[in-house]
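# Chain and residue survey
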Amino acid sequence: MAGWIGVDLDGTLAEYHGWVEDGKIGKPVPKMLARVKRWLKEGKTVRIVTARVAADHDGSERRKVQAWCQEHVGRALEITNKKDYGMIELWDDRAVEVRTNTGEPVNLQRRGKD
């Protein structure tokens, strides 16, 4: 198994300017959308990683995300809110990359945090 690439939805694949009451998903982020489409064309597996489905008891959020993917990506993608050992990358606007087994952040100056 080649593994899968996780892509966050809000703020990474779709514009996010704060939560709105109806949970509407923002417009696609063009550069990230093109990257995801390229990966899919190359045969890579891409999953949407979003907290939207963490407490989605009636499936409405999952359906909303699937419809957004169908419209903008051109196909439905698997949706999850969990990592597993098959995930090889995570693209996320809130993540801080850490050097393996060190606790040391990568690109700390760029992020301006510690």
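Residues numbered from 1 in each chain as written. Predicted model: local features only at pLDDT ≥ 70, side-chain atom pairs only at ≥ 80, totals over all residues. Heavy atoms only, no water.

## A closer look at unusual backbone geometry
Excluding glycine, residues mostly have negative phi values, and the peptide bonds linking residues are mostly trans. Just so we agree on the cut-off: By the criteria applied, helices consist of DSSP H or I runs no shorter than four residues and strands consist of E runs no shorter than two, each listed in order from the N terminus.
Of note, Asn101 is a non-glycine position whose phi angle comes to about 60 degrees, a positive value. Tracing the chain through its elements places Asn101 in the loop between β4 (87–91) and α3 (108–111).

## Comments concerning the pattern of salt bridges
Rules: Whenever Lys or Arg places a side-chain nitrogen within 4 Å of a carboxyl oxygen from Asp or Glu, that contact is recorded as a salt bridge. Think of it in three bands: with a 1.4 Å probe and only protein chains considered, a residue is buried below 20% of the maximum accessible area for its type, exposed above 50%, and partly exposed in between.
Evaluation of the coordinates by the stated rule reveals 7 salt bridges. Across the pair Arg52 and Glu61 runs a salt bridge, and its minimum N-O distance is 3.1 Å. The same class applies to Arg52 as to Glu61, namely buried. Residues participating in the shared-partner salt-bridge network are Asp10, Arg52, Glu61 and Lys64.

## A closer look at the side chain of Glu61
Short version of the rule: Residue contacts are counted whenever heavy atoms from the two residues lie within 4.5 Å of one another.
If you trace the backbone, Glu61 turns up in helix α2 (residues 60–72). Given the relative accessible area of 14%, Glu61 is considered buried. Sequence-distant contacts of Glu61, defined by excluding residues within four places in its chain, comprise Arg52 and Asp56.

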